Amino acid sequence: MAALLLERLGYSPTIYEQAPQLARIGAGINLYPNTTRILWWLGLEKKLRAVGLAPETWLSREWDTGRVYFSQPQLEWEKAYGAPHMILHRGDLQAIMSENLHPNTIQFNKCLAGLDETDGLQRLTFQDGTTADADIVIGADGVNSVVRDILLGPEPPIYTGFVAYRAIFPTKLLGDRGLASDGCKFWSDDRHWAHEDRHMIIYYLTSARDEVYIVTGSPDPNWTGGLLPVEVEMSEIKTCYEGFHDEVQRVIDACPKATKWPLLTRNPLPLWSRGRVVLLGDACHPMKPHMGQGAGMAMEDAAVLARCIAAAGGDYAGAFELYRASRIERVNRVQKLSNINIWLRYPSDPTWCWGYDALTAPLMSASGVVADVRAFKETAMA
Ligand SMILES: Cc1cc2nc3c(=O)[nH]c(=O)nc-3n(C[C@H](O)[C@H](O)[C@H](O)COP(=O)(O)OP(=O)(O)OC[C@H]3O[C@@H](n4cnc5c(N)ncnc54)[C@H](O)[C@@H]3O)c2cc1C
């Protein structure tokens, strides 16, 4: 997202990615109006709607009885916020975003190993021994960030005591009924099955509804698996979700295989940037995923950071201070609430979160004074 927005502002960013290529593997993702608004502004609405799904209903249900805690027609939310809640395969989202970058913006097989400031530039050293120079470095390298470790010293993220089971499988494995055990009434919803200390969310992942996605938040005090996901036996998930509603059992029974992800967090960082290096997204403020806002916060960060860079006219330290001051209150609030895991379980109003517009929100200086909003708006929205 940062690269897409910086290209729109006339910069020439390069993404150095450790993976050999983009692949359609992994997981689903929910994007809410605060995030889809930015993607729509980039002109990606048509492509994203073609592959993803805008669920018709928000549906939160009691884990065993299926009693509805909160049901909301999502079209009403879309009208109120001017952009929808979308569900997508992460691979589809990545593909669409990367297709809209300039050719060669992404350099693959580039695993960052070191950073040094030299001659007014930042030198990046990769594991393959090659180097590259840049005016600034944006560390968007996730919860196990190397850039964060370089800025602040090595420190592993904190395991929260919870894991997420995740699986994608073909809808046809569910048989004739698809997801709905209650007729086709809620064909396009996403289904939150909420228990006191664990939940499961089940939804179709594509506009064709040919893939189903399961994602959970599940206590696991015995996790010893380190910081990366592992394969898991379906029997473990079955045990963890014993007693859940029949519909949940039917989905677990149809699912052939799954993975298990440790849910990691970090305490708030004492700094977000140093010199020409700045952090965003999970590298900076990872969170439990229970508001579906981790990637949302990363994309909002990217939009605000791009506006700050454009407005600061080469004063990168100033741009980074403005960015941090403009973002910190919001990401702290989302991080705290996400950790509690009650978001929209019961009737509530998401406006403070979903109504936020990172492309036009006031930018705050470090002293808390609202900076020249009009000028920033004109720069970023030109
Ligand atoms: C179970 C679960 C469900 C979630 N659901 C949602 C959801 O529905 N909606 C939502 O908004 N968020 C969700 N999130 C959170 C979301 O996945 C993250 O917040 C988001 O991916 C963070 O984006 P990022 O760009 O900061 O980091 P990442 O997505 O982790 O990307 C980091 C990138 O940096 C690369 N990289 C890492 N190290 C190096 C290196 N040394 N050199 C070069 N490249 C490197 C990685 O290969 C990767 O491509 C969920 C998270 C989990 C665990």
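Since this is a predicted model, take the numbers as computed values, not measurements. (Residues numbered from 1 in each chain as written. Predicted model: local features only at pLDDT ≥ 70, side-chain atom pairs only at ≥ 80, totals over all residues. Heavy atoms only, no water.)

Participant: Is there a simple way to explain the site of the ligand in this structure?
Facilitator: The environment of the ligand is formed by 25 residues, the closest being Glu-17, Asn-30, Arg-90, Leu-112 and Asp-282. Between Asp-282 and the ligand, the recorded distance is 2.8 Å, taken from a side-chain N or O atom to an oxygen atom. In the complex, the protein chains occlude 78% of the 1,000 Å² of accessible area that the ligand would expose alone. Broken down by secondary-structure element, the contributors of at least two residues to the shell around the ligand are strand S2 (28–31), strand S11 (158–170) and helix H9 (294–312). In terms of residue count, the dominant contributor to the shell around the ligand is H9 (3 residues). The residue inventory of the shell around the ligand, partitioned by class, reads 11 nonpolar, 8 polar and 6 charged. (Near = heavy atom within 4 Å. Polar contact = N/O pair within 3.5 Å; in protein donor to acceptor, adjacent residues only side chain to side chain. Areas by Shrake-Rupley, 256 points an atom, 1.4 Å probe, with all protein chains shown as cover. Helix = DSSP H or I, 4+ residues; strand = E, 2+ residues; numbered from the N terminus. Nonpolar A, V, L, I, M, F, W, Y, C, P; charged D, E, K, R; others polar.)

Participant: How do you make sense of the pattern of salt bridges when you look at a structure like this?
Facilitator: A side chain of one charge can pair with a side chain of the opposite charge if their charged atoms are brought near each other. This structure, assessed with the given rule, holds 18 salt bridges. Where Arg-123 meets Asp-133, a salt bridge forms, and the shortest distance between an N and an O atom there is 2.7 Å. In this pair, Arg-123 is assigned in strand S8 (residues 121–126) and Asp-133 in strand S9 (residues 131–134), connecting sequence segments 10 residues apart. With relative accessibility at 31%, the residue Arg-123 sits in the partly exposed group. The partner of Glu-300 in a salt bridge is Arg-327, with the nearest N and O atoms 2.9 Å apart. Highlighted residues: Glu-300 in helix H9 and Arg-327 in helix H10 (residues 316–340), separated in sequence by 27 residues. Comparing Glu-300 with Arg-327, the two get one shared label, buried. Among the charged side chains, a salt-bridge network with shared partners connects Glu-300, Asp-301, Arg-327 and Arg-330. (Salt bridge = Lys/Arg side-chain N within 4 Å of Asp/Glu carboxyl O. Buried < 20%, exposed > 50% of the residue type's maximum accessible area, 1.4 Å probe, protein only.)

None of the figures reported here should be taken as evidence of function without further support.
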